[in-house]
Each structure stands twice: as structure tokens, then as C-alpha cells.
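Coordinates in review
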Amino acid sequence: MKKLALHWQILIGMVAGVLFGIFLSKFNWGPSLVQDWVKPIGQIFISLLKLIAIPLIIVSLVKGIADLQDISKFSKIGGRTILIYVLTTVVAISIGLLMVNIIQPGNSISSETLEELTSAFSGDAEKKVSAAMDQQEKGPLQFVVDMVPQNFFAAASDNGSMLQIIFFTIFFGISLLLIKPEHRKPVAHLFDGLNEVILKMVDLIMLIAPYAVFALLASLVVETSNPELLQALLVYAATVLAGLAVMIAIHAIVVKSYTGKSPQFFFKGISPAQLLAFSTSSSAATLPVTMERVEEHLGVEKEVSSFVCPVGATINMDGTSLYQAVAAVFIAQALDFELSFSDQLTIILTATLASIGSAAVPGAGMVMLVIVLEAIGLPADKLAIGLAMIFAIDRPLDMCRTMINVTGDAAVSMVVAKSIGKLGEPKAKNWDDNYTG
Ligand code: ASP
């Protein structure tokens, strides 16, 4: 019997997880049963993906650079990647601003709803504000300083230090290219072998993906409190979702017009990563799968994907930046805070920076939203109310924006690969080939 394609398996797992969660929420004992016996499967899966992320980046980046043979190509990849990442982010924010100014979701919030929302979530909002304050105390060049690790093992022991690992690995890879071939060859050979091992580990982890997303979504459903409050934010959520839909269409159009690959090819190739991004709300946790899909199923050569994907997971967040633009204007509208045209320009600039600074983990985009709100001059009391107001619906929106973040990384990988002649035919002919064990 023909095996069901992976994206269908994951989708079935997701739907079954939601239904199971809704069903068990009806019993008093249901939520704790899910928490105790189902949620751990999802947690183990996320831990496995995180576990593999740092070794995967190191091995595939070293292999990618070693295969390049020529350093000037690497600087081309680097320059183009950063430029396209910034460009797509600015486009995403502009779409968000356009949507929120046309739909004006903030005007549909009554003062009673506002009060209800803010009283329910003020504690959570405070935590986000204080997390953002910690970020802000740093100087403007601190992020460059932070990129250079003092100790390899310290950096490798923290998944939040991915840029440090990327820095070390590029340094290592370039030095590898500069030594004599007789010394380089055995090292490159070792990394070739290690690369195969790590990719096999990703394949094996993915075997439990459908069950893991079932567990993740079932536990999310039983943990969701106050579903009625979500309804008050429906117009706002619809605005974010409409913006994200436009952005995903733009990704597909760019891929089609620049690389000639059809949207069907693109989405078929990347869909398992998108579904995992949706289920985990973390581009960092999804990274191993994104890289594997981009290489094996979209035809991007390792020289490109090994750099573009991990850097993208850390700094390129089209979905997050679009969301930050919509959320900032929505809060201003709901709290009657006038925004001038120059405030909207400020949003473009600060949301670009805030999305670069957002960690690739659940909820990070909302922490960095504080920086956008402060830049447009929203007073501290309104800021806390604003965040509390959107808190109830942040998780579902986080799931959707993470999906767009990952899609953006894949689209840019294809564009950069095409631009330097490194986009070929996908290695996996049947696009589920790799997950057959
Ligand atoms: N969860 C998002 C990601 O991992 C970041 C965010 O928008 O909160 O890409």
C-alpha cells in the first residue's frame, strides 16, 4: 500500500490532536490526563529537534563552505542573503501597515471588552514588558559584539546563541579552505560522513512528527483559557491572517518568477516544515526540518542552504514583523492614540529591527513588540494595557506567523541559490523518500 505523504500524516495528527483536546476538555480529569500522558511526547519531539540543531548547523555549514572551494562565492551568498532578508521584511511590514490601516480592527473594540481583556492578562503583559526592557538596555552595536563567542562550548551549549555558532563555523570553514589540500581533505571527508549521520538523525526524528503534533496541539487546546475572549479579537486576528496570506502569496510569486519553480512544487517541498512551525511556534525548533526540505526537496545546494536557513531562522521573520506592524497600529487605534505618517515610518524601521532581534522561540515576537510601541511614543500605562489586550490571541497568531517566517527562509534560499547557479533538481524524487526509515 502506498504510504500517506508526510504532510498529510502531520495534518491528520494536528486535526486529531485538536479534536482530542476539545473532547477531553469536557471532563474534569481530561486536561490533567493530557498534560501528564500526552504532552510529554510533544516535549520530547521538540527537545530532539533542538538537540540536533547545533550539530546540524556546524556540520552542514562546514561541508557547505568546503564544497564551495572559493571564498569570494561565500561573500556573495552572505551579501545577497542579508539584503533579500531585509527587503522581504520591509515588504512584510508594509503589507501589515496597509491591511491594518484599511481594515482598522482597533475601532471594533468596545471599552467593556478592553477592560475585560486587560484585567485578564495584565500580569502576563508585565512579564513581556520586563523581558523587553532587559533587551533594550544593550547598546546599538551590542548584537555585533554578541555574535563573537568567547568560548565555543559555552556558545554550543545554548540554542539561543546560534549566531555565535554560525560565526565560529564560518571562521573554521574559511580557514579550512585556506590550508593545504592534503590537510583539508581528511577533515572535509570527516564532515561529509558526519553530515550523512546527522541527516539520518533528522529523518528518524521525523518519524514521530505526526504523533508529536497530535500531542502538542491536544495539550495546547486543553491549556487554552477563556476561549470567549478570543472572539473579541477576531477582526484583529483576521487582519494579521490576511496579511500573512498575502505575504505567503508573495513568497510563492517571487519563487515562481525568479526561479521558475511552481507554487505547487514550492509548497509541496516545504509543507512539512510549515506544519511543524505551526505546531511548535518556533523557527529554531523547525530548523533541522527546514534545512532538510530545502536541500532534498527544493533543490537548493548545501553551500547555500547551510548558511541561508540558520541565519534566516535567527534574523529573518517576515511573519513576525508583519504581525508587529499590525499589532502596534491596532493597539494605537483601540487606545485612541493618534499615529502620524512619520510614526508609521518609524514602525517600518523599528519592526524590521525588532523582528531581527526576536528570538526564534514561542512568544518572542510579542516581547519585541514593546520596542516598536515605545518607538512610536506610546506611554507606559497604555503600553501595558495594549499588550494585555492582545495576549489572549497571541499563541494562535504566533503559530501562523512562525509558519510564514519559515516559508520566507525557504523562498530566500531558493532565490539566493538560483542567483549563483546553485539551484538544481531535488534529490528526493518522491518527495517523501527520506522519511521511509
Ligand atoms: N515564534 C516565532 C518564531 O519562532 C517568533 C515570534 O514571532 O514570536 O519564528
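In the block above lies the structure referred to throughout.
First, a word on scope: everything that follows refers to the structure included in this document. For every chain, the first residue of its written sequence is number 1, and the numbers climb from 1 along that sequence. In keeping with the model being predicted, local features are shown solely for residues with a pLDDT of at least 70 and side-chain atom pairs are shown and tallied solely at 80 or more, while totals for entire chains, interfaces and linings include all residues. The side-chain values count all of the structure's non-hydrogen atoms but skip hydrogen atoms and water molecules.

Observations concerning the overall build of the chain
What counts, and what does not: Runs of H or I in DSSP of at least four residues are treated as helices and runs of E of at least two as strands, each being numbered from the N terminus. Radius of gyration: C-alpha atoms only; globule rule: 2.2 Å multiplied by the number of residues to the exponent 0.38. For every residue, the accessible area obtained with a 1.4 Å probe (protein chains only) is divided by the maximum for its type, and the residue is called buried under 20%, exposed over 50%, and partly exposed between those limits. Contacts are assigned to residue pairs that have any heavy atoms within 4.5 Å of one another. Here, Shrake-Rupley sampling with a 1.4 Å probe gives the accessible areas, and only protein chains in the shown set may cover a residue. Charge convention: Lys and Arg are scored as positive, Asp and Glu as negative, and His as well as the terminal groups of each chain are ignored. By convention, the charge on Lys lies at NZ, on Arg at CZ, on Asp at CG and on Glu at CD.
Of regular secondary structure, the chain possesses 19 helices and 0 strands. Taken over C-alpha atoms, the radius of gyration comes to 22 Å for the chain, in line with the 22 Å a tight globule of 437 residues would show. Along the first, second and third principal axes, the C-alpha set of the chain runs to 75 × 55 × 45 Å. Taken over 437 residues, the chain has a buried fraction of 53%. For the chain, the share of sequence-separated contacts (at least 6 apart) that also reach a separation of at least 24 residues comes to 85%. Carbon and sulfur atoms make up 66% of the accessible area of the chain, which amounts to about 18900 Å² in all. The average position of the 28 basic charges and that of the 35 acidic charges among the side chains of the chain differ by 13 Å.

Remarks on helix H15 (residues 318-334)
We apply this condition: How far a helix is expected to stretch is found by multiplying one less than its residue total by 1.5 Å.
Over its 17 residues, H15 runs 24 Å from end to end, which matches the ideal 24 Å to within 8%, given 1.5 Å per residue. Once H15 finishes, Asp336 follows within two positions and takes phi at roughly 55 degrees, a positive value.

Topic: the site of the ligand
The line we're drawing: Distances are taken per atom, and a residue is near a molecule or strand as soon as one of its heavy atoms is within 4 Å of it. Two N or O atoms form a polar contact when they lie within 3.5 Å of each other; inside protein one atom must be a possible hydrogen donor and the other a possible acceptor, and for residues adjacent in sequence the pair counts only when both atoms belong to side chains. Buriedness for pockets is judged along seven lines, at least five of which must meet protein on both sides within 12 Å for an open set on the 1 Å grid over protein atoms alone, while cavities are sets there where a 1.4 Å probe fits but cannot get out, and lining residues have an atom within 4 Å of a point. Pocket or cavity membership: a molecule qualifies when more than half of its atoms sit within 2 Å of the grid points of that site.
Near the ligand, the surroundings consist of 15 residues, among which Ser283, Thr320, Gly365, Asp398 and Arg401 are the closest. Measuring from a nitrogen atom of the ligand, one finds a backbone N or O atom of Ser281 at 2.9 Å. Interatomic distance of 3.1 Å between a backbone N/O atom of Val361 and a nitrogen atom of the ligand. If the ligand stood free it would expose 270 Å²; the protein chains cover 100% of that surface. The cavity that encloses the ligand is the largest cavity. Broken down by secondary-structure element, the contributors of at least two residues to the shell around the ligand are helix H17 (364-375) and helix H19 (394-419). Among the elements that line the shell around the ligand, the one with the most residues is H19, at 4 residues.

A look at the packing of helix H13 (residues 283-296) against H19
Threshold: All axes here are fitted lines through C-alpha atoms, helices being fitted over the stretch that makes contact, and every angle between N-to-C directions spans 0 to 180 degrees. By the definition used in this description, the sense in which the near helix is turned from the far one sets the handedness, with an anticlockwise turn below a right angle giving left-handed and a clockwise turn giving right-handed. Ten residue types, Ala, Val, Leu, Ile, Met, Phe, Trp, Tyr, Cys and Pro, are classed as nonpolar, four, Asp, Glu, Lys and Arg, as charged, and the remainder, Gly among them, as polar.
Packing of H13 against H19 brings their axes to within 11 Å, and their N-to-C directions diverge by 35 degrees. Crossing angle aside, the handedness with which H13 passes H19 is right-handed. Across the interface between the two elements, Ser283, Thr286, Thr290 and Val294 from H13 touch Thr402, Asn405, Val406, Ala410 and Ser413 from H19. In terms of residue class, the contact of H13 with H19 is built from 3 nonpolar, 6 polar and no charged.

Topic: the environment of Ala388
Structurally, Ala388 can be placed in helix H18 (residues 380-391). For Ala388, a relative accessible area of 1% gives the class buried. Sequence-wise, Ala388 and Glu296 are 92 residues apart; in three dimensions their C-alpha atoms are separated by 42 Å. Among residues more than four places away in sequence, those in contact with Ala388 are Leu117, Thr118, Phe121, Ser122 and Ala125.

Some words on the packing of aromatic side chains
As a reminder, the rule being used: A pair of Phe, Tyr and Trp rings is counted when the ring centres sit within 6.5 Å of each other, with Trp represented by its six-membered ring. The angle between the planes then sorts it: under 30 degrees is stacked, over 60 is edge-to-face, the rest tilted.
All chains considered together, the criterion is met by 11 aromatic pairs. On the basis of an interplanar angle of 55 degrees and a centroid distance of 5.9 Å, the ring pair of Phe172 and Phe191 is categorised as tilted. Of this pair, Phe172 sits in helix H7 (residues 162-178) while Phe191 is found in helix H8 (residues 181-206), placing the two residues 19 residues apart along the sequence. Of the residues examined, Phe172 reaches a relative accessible area of 33% and is grouped as partly exposed.

Topic: the side chain of Thr407
Along the polypeptide, Thr407 turns up in helix H19. By relative accessible area, which is 0% here, Thr407 ends up buried. A distance of 2.9 Å separates the side chain of Thr407 from the side chain of Gln274, its partner in a polar contact.

Quick look at the environment of Asp124
Looking at where Asp124 falls in the secondary structure, it is placed in helix H4 (residues 111-136). By relative accessible area, which is 25% here, Asp124 ends up partly exposed. Each C-alpha atom, one on Asp124 and one on Ala351, is 22 Å from the other, the two residues being 227 residues apart in sequence.

Quick notes on the nonpolar core
Applied cut-off: As used here, the term nonpolar core means buried Ala, Val, Leu, Ile, Met, Phe, Trp, Tyr and Cys residues forming a set that is joined through side-chain atoms within 4.5 Å.
Within the largest apolar cluster, 72 residues are counted, with the highest numbers of intra-cluster contacts made by Ile10, Phe45, Ile77, Met206, Val304, Phe307 and Val308. Considering every element that reaches this core, the biggest residue donor is helix H2 (residues 30-68), with 14 residues. Those residues within four positions of Phe307 in sequence are excluded, and the remaining contacts are Leu61, Phe74, Ile77, Gly78, Thr81 and Ile170. Listed in part, the 56 residues of the second largest apolar core include Ala237, Ala325, Ala334 and Val370.

Section: a nonpolar patch on the surface
As a reminder of what qualifies: In this scheme, patches are assembled from residues that exceed 30% relative accessible area and form no salt bridge. Like charges are connected within 9 Å, while nonpolar side chains (Val, Leu, Ile, Met, Phe, Trp, Tyr) are connected within 5 Å. Any carboxyl oxygen of Asp or Glu within 4 Å of a side-chain nitrogen of Lys or Arg constitutes a salt bridge here.
A surface patch of nonpolar side chains, about 590 Å² in accessible area, is lined by Phe23, Phe27, Trp29, Leu33 and Trp37. Turning to its location among the elements, Phe27 is positioned in the loop between helix H1 (6-25) and H2.

Observations concerning the packing of H7 against H8
When two helices pack together, you describe them by how their axes are tilted relative to each other and by the distance separating the axes. To be explicit about the condition: Angles are sorted into four bins: roughly parallel if under 35 degrees, roughly antiparallel if over 145, roughly perpendicular if 65 to 115, and oblique for all others.
Where H7 meets H8, the closest approach of the two axes is 9 Å, and the angle between their N-to-C directions is 140 degrees. The angle between H7 and H8 falls in the class oblique. For H7 against H8, the interelement crossing comes out left-handed. Across the interface between the two elements, Phe172, Leu176 and Leu177 of H7 pack against Arg184, Val187 and Phe191 of H8.

Describing unusual backbone geometry
We note that Gln104 has phi near 50 degrees; this positive angle belongs to a residue other than glycine. As for its position among the elements, Gln104 is in the loop between helix H3 (71-103) and H4. In this structure, Ser281 is a non-glycine residue whose phi angle is positive, near 60 degrees. Tracing the sequence through the fold places Ser281 in the loop between helix H12 (263-280) and H13.

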